[in-house]
Amino acid sequence: MDLLPPPTDAPAGPASGAPGPGRGLRRGVGFRSLKLVTVAMDEALPADPVGAAYGRLANGLTYYVRSNPKPRMRAALSLAVKVGSVVEEEEERGVAHIVEHLAFSATSRYTNHDIVKFLESIGAEFGACQNALTSSDETIYELLVPVDKPGLLSQAISVLAEFSSEVRVSAEDLDKERGAVLEEYRGGRNAAGRMQDSHWTLLFEGSKYAERLPIGTEKVIRTVTHETVKRFYQTWYHLSNMAVFAVGDFPDTQAVVELIKEHFGQKAPPSVPPPVIPEFTVPSHEQPRFSCFVESEAAGSAVVISCKMPAGGIKTVKDYRDSLAESMFHCALNQRLFKISRRKDPPYFSCSSAADALVRPVKAYIMTSSCREKGTVEALESMLLEVARVRLHGFSDREISIVRALMMSEMESAYLERDQMQSTSLRDEFLQHFLREEPIVGIEYEAQLQKTLLPHISSAEVAKFAENFSTASSCVIKVVEPRAHASLEDLKAVVLKVNTLEKEKTIPPWDEEQIPEEIVAQTPEPGNIVDKVEHPGIGATEMVLSNGMRVCYKCTDFLDDQVVFTGFAYGGLSELSEAEYTSCSMGSTIAGEIGTFGYRPSVLMDMLAGKRAEVGTKVGAYMRTFSGDCSPSDLETALQLVYQLFTTNVEPREEEVKIVMQMAEEAIYAQERDPYTAFANRVREINYGNSYFFKPIRISDLKKVDPIRACEYFNNCFKDPSAFTVVIVGKIDPAISLPLILQYLGGIPRVQDAVQPLSRDDLRGLPFKFPATIIREVVRSPMVEAQCFVQLAFPVVLKNTMMTEDIHYVGFLSKLLETRIMQVLRFKYGQIYSVNVAVFLGGNKPSRTGDVRGDISVNFSCDPDISSKLVDFVLEEISYLQAEGPSEEDVSTILEIEQRAHENGLQVYLFTSEKSQENYFWLDRILRSYQSRLFSGDIGSTFQFQEEGRAKVREALTPQTMQSALQRVLPFPCRNQYTVVILMPKSSCWASMKSLLSWSPSGVSRDAKILAGVAGALVLAVSLWRYSRSALRS
């Protein structure tokens, strides 16, 4: 059949609340001018990937090459092998993952982790830019390397060629790497790991997948011979099972193809034919499987419903249309689930649904919720009931129109930024084409296709996907509880009850809320500009508005569909007395549930449908901030939200406060169950003093929370516009954006009788005091399975007179320490999996004149029996660096890593979405300039001073200057002043008989005081299995 909608594609007039004539940004012009396509439903989609140089060498290797300018002078490379843990024999369990480790350890050309050292020497940091993952069905090696110097790309491709057939598997290599693999194994034996493994096994019961988790077994890791590992490598690493990928900033793709042929083409295929990769089936089952999993260390109570089905594929236009309808189903269902979670006495704190490709032959619909203790049965009933409601009544036309607008907006954004995609994203698409045969049709055609098909997908078509969530469709239902409350009989009774209600058709339709049409009920009077300064050195313009707010904007062309902004004002939680602290620290959380922008979150969600505009708030120790990310066309909406933030008087309502308190209680109980909590609390107590600011919140503290005072404090934090400086960066057209800024930022009313805004020098500092003596302490916590975590901390004092330089030295030193300690503890002794060196410089208020105090901490997990010895190794290494200094090679590597990070704005935003790094980088740099102690009113000069400081340190960086900085910044000798806290299992007869030790991989940044977003964390603890059990990063 042909599908051609009527030609009604002209832009509609402004919707209610949208910009009027002359005010709308031209975001959608390119997208809206896209012509619709005439397609038949059985028309096949292109089999070959559009936009890539794609082919196969004579030896069987497949290659994908594409030129892409983002990030500049970088290439994202991969080697994929269509083999994972599922092909392992019983005596090989974990060997696929061991091979991946050994690849970075030694090959025919590199030994003793020289591959890691080489890649770091060119700026490709271990972990961030060189990594690998092993899943049930494949192994993938990934590199992100610079290509701005001759030969670098060729060398990097040669590394992948080494991985393909030249990994050296000797007894010595294997023994060196066993410790790191064992530590990774132990890292998965915490509460989350036990829950994940249990669910995975239940989900794939009757299949080999259930018995082949990528990490393998402890016995195999400890005892497997190098002959067994080598045999696995030689059997399965066949070029016909592999593909190499190169996407990056190179002008000639054919030249890259020639490099691939140079390094891979001479590799003759083995004399034996390629192995046939077996197909492992996952049996279906009509009756649901049930599990009540009791985990005493669980982060909370949760429910997981999983329904398996064949993975299928997208081969035709109809398949693509079905995939759109499926996405609409999950999106519409998630909208409902969120609204239910915000009702009075909700059955769960949070709930979400998604489709996941778990293993090669199977995908699953997965719904996960977090709920209060003793609430799993009620949560399960609500989840099943909502899917049954969809099967009976479907979705309303309004719900479908909202979802359609959301998806169309996402596609529009992708289309507008089609020339600005990151190379890693494109590489990952090619990976899926090779591994899953997912079509790559090109963003232009996909946008046309979606624009053609989406308007004609009906509510009935969307609702039919609820059939896949049937309890008769290979369904697995699991509840997780810290203490047993639900029984299997309870779960079965709920399923029977909901099925009966559905059969009797007694489930009522969905009751929709009334949604206001406009965010701002009455348009404010615009402010005006009272002062304006251009800063040509950084391409920014600074304005002071009539209400006292300072606004600095920078126009960029990094991304065509992004504007980011942050506003900050001095004064935060450090100003509070102990009596007020607990109530006020919960102000953001309580206000967020009520609605910081004048509307309940569930209502605002619908009001923002089809718009890309997000605004959030944060109240920290010394500052309060609001931040946003939006499309240029939705800048007005984002600024309206800021206006609402300042003009809304949030008042506590009983039902929202009750939800917040329930979530907070569950979070506190979860922390008390977590063995890590006692360790983290003791670290804070020792290193930062016994102040109320650093103490964890207890249940007794919650009972003292005054919701009225909490909301009052939050309202006062975002009331006075004259206290705020706002920085805006992105695709800004000043002619269109400035009137919006003046209306919604300049229109925020001045506060009558406002108190003089705090300056940085007026702030009250945190009560920070690092111990003057050496402290070594063991914290023992009861554990289901033993864990060991170590933190070694040193005080840092940056003198005001050396601040401009030393602030940069601290960054270089932390990276030096991390690199050298990794080399010692992992590469030399093979006793850890990873190490993190963290810097905290918030011990003093950010004044212009005082010294900066804080600490540098070394964090790692290990075998408890050798934890003290490893601490001594670290102290010995730092002492050596202080006494002898680093090598020239160390300094060169650190300089290269820092420079590469600086070039692409990765220093701070390593964990943000890659496609937004550049705008966020500039946003952060400008904010830092305003917040710098050097700032005296001229942001341009401050920025220049900071750049000069960095350049000065880089030019002066030698082994001698780094040695001097180590002596100046850290205690010298370092053994004179430090703290060590080690988490160990509480002794018991059971523990003494166990040799298996494990730690929690969640890191040292967990803070008992951060209660916002608790529900999402609870869901995450249960749902992580979707990713981590089927893909193991190393």
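Everything here concerns the structure above.
I will try to describe carefully the structure that is included in this document.

Moving on to the sheet that holds strand β12 (residues 362-371). What the 5 strands build is an open sheet, ordered β9-β13-β10-β12-β11; its pairing is mixed. Since the sheet does not close on itself, it has two edges, and those belong to β9 (289-294) and β11 (350-359), each with one partner. Put simply, the sheet's adjacent strands are angled 15° from each other on average, direction ignored. Alignment of strand β10 (residues 301-310) against strand β13 (residues 475-481), held across 6 bridges, turns out to be antiparallel. Following the sheet pairing, Val303 is matched in β13 by Val479. In the packing of helix α10 (residues 317-341) onto the sheet, the strands contacted are β11 and β12, and the crossing angle to β11 comes to about 150°.

Turning next to the nonpolar core. One recurring pattern in soluble globular proteins: nonpolar side chains tend to sit buried together. If you look at the biggest cluster of nonpolar residues, it comprises 129 residues, and the most contacted ones within it are Leu77, Tyr141, Phe204, Phe264 and Phe860. At 12 residues, the largest contribution of residues to this core is made by helix α26 (residues 803-828). Setting aside anything within four residues of it in sequence, one finds Leu77 in contact with Tyr141, Glu142, Leu143, Val145, Leu153, Ala156, Ile157, Leu160, Phe245, Ala246 and Arg427. Counting residues in each nonpolar core, the second largest holds 92 residues, with Met549, Ala569, Tyr622 and Val650 among its members.

Take the side chain of Ser857 next. Position of Ser857 relative to the elements: it lies in strand β24 (residues 852-861). Under the relative-accessibility criterion, Ser857 is labelled buried at 5%. A polar contact is formed between the side chain of Ser857 and the side chain of Asn859, at a distance of 3.2 Å. When sequence neighbours within four positions are dropped, the list of residues in contact with Ser857 reads Gln791, Leu792, Ala793, Asn836, Val837 and Ala838.

Below, the discussion takes up unusual backbone geometry. Between Lys70 and Pro71 the backbone carries a cis peptide bond, its omega angle lying at -5°. Along the chain, the position of Pro71 falls in the loop between β4 (62-67) and β5 (74-81). With an omega of -5°, the peptide bond between Phe972 and Pro973 qualifies as cis. With respect to the helices and strands, Pro973 occurs in the loop between α31 (959-969) and β25 (979-985). We note that Met73 has phi near 50°; this positive angle belongs to a residue other than glycine. Considering the arrangement of structural elements, one finds Met73 in the loop between β4 and β5. Taking the relative accessible area as the measure of exposure, Met73 reaches 33% and is therefore partly exposed.

The relation between two aromatic rings is expressed through the spacing of the ring centres and the mutual angle of the planes. Throughout the structure, instances matching the rule amount to 35 aromatic pairs. Arranged with centres 6.2 Å apart and planes meeting at 25°, the rings of Phe329 and Tyr365 form a pair that is stacked. Taken as a pair, Phe329 in helix α10 and Tyr365 in strand β12 lie far apart in primary sequence, 36 residues in all. The pair formed by Phe329 and Tyr365 is uniform in burial state, with each residue classed as buried. Linked through ring pairs, Phe565, Phe626, Phe646, Phe714, Phe718 and Phe724 together constitute an aromatic cluster. Against the face of Phe434 rests Lys82, its NZ or CZ located 4.4 Å from the ring centre. The ring of Trp922 has Lys554 lying over it, and the distance from NZ or CZ to the ring centre is 4.4 Å.

Moving on to the pattern of salt bridges. Across all of its chains, the model carries 58 salt bridges by this definition. The salt bridge involving Arg189 is made with Asp197; its shortest N-O contact spans 2.8 Å. What makes Arg189 buried here is its relative accessible area of 16%. The buried category is assigned to Asp197, whose relative accessible area is 13%. A salt bridge links Lys339 to Asp606; its shortest N-O distance comes to 2.5 Å. Highlighted residues: Lys339 in helix α10 and Asp606 in helix α19 (residues 601-607), separated in sequence by 267 residues. On the basis of relative accessible area, Asp606 is assigned to the buried category, the value being 7%. Taken together, the shared-partner salt bridges connect Arg189, Arg194, Asp197, Glu295, Glu297 and Glu785 into one network.

About the criteria used
Residues numbered from 1 in each chain as written. Predicted model: local features only at pLDDT ≥ 70, side-chain atom pairs only at ≥ 80, totals over all residues. Heavy atoms only, no water. Pairing = 2+ DSSP bridges. Helix = DSSP H or I, 4+ residues; strand = E, 2+ residues; numbered from the N terminus. Axes fitted to C-alpha atoms, helices over the stretch in contact; angles between N-to-C directions. Contact = heavy atoms within 4.5 Å. Core = buried A, V, L, I, M, F, W, Y, C linked by side-chain atoms within 4.5 Å. Buried < 20%, exposed > 50% of the residue type's maximum accessible area, 1.4 Å probe, protein only. Polar contact = N/O pair within 3.5 Å; in protein donor to acceptor, adjacent residues only side chain to side chain. Phe/Tyr/Trp six-rings, centres within 6.5 Å; stacked < 30°, edge-to-face > 60°. Lys NZ or Arg CZ within 6 Å of the ring centre and 35° of its normal. Salt bridge = Lys/Arg side-chain N within 4 Å of Asp/Glu carboxyl O.

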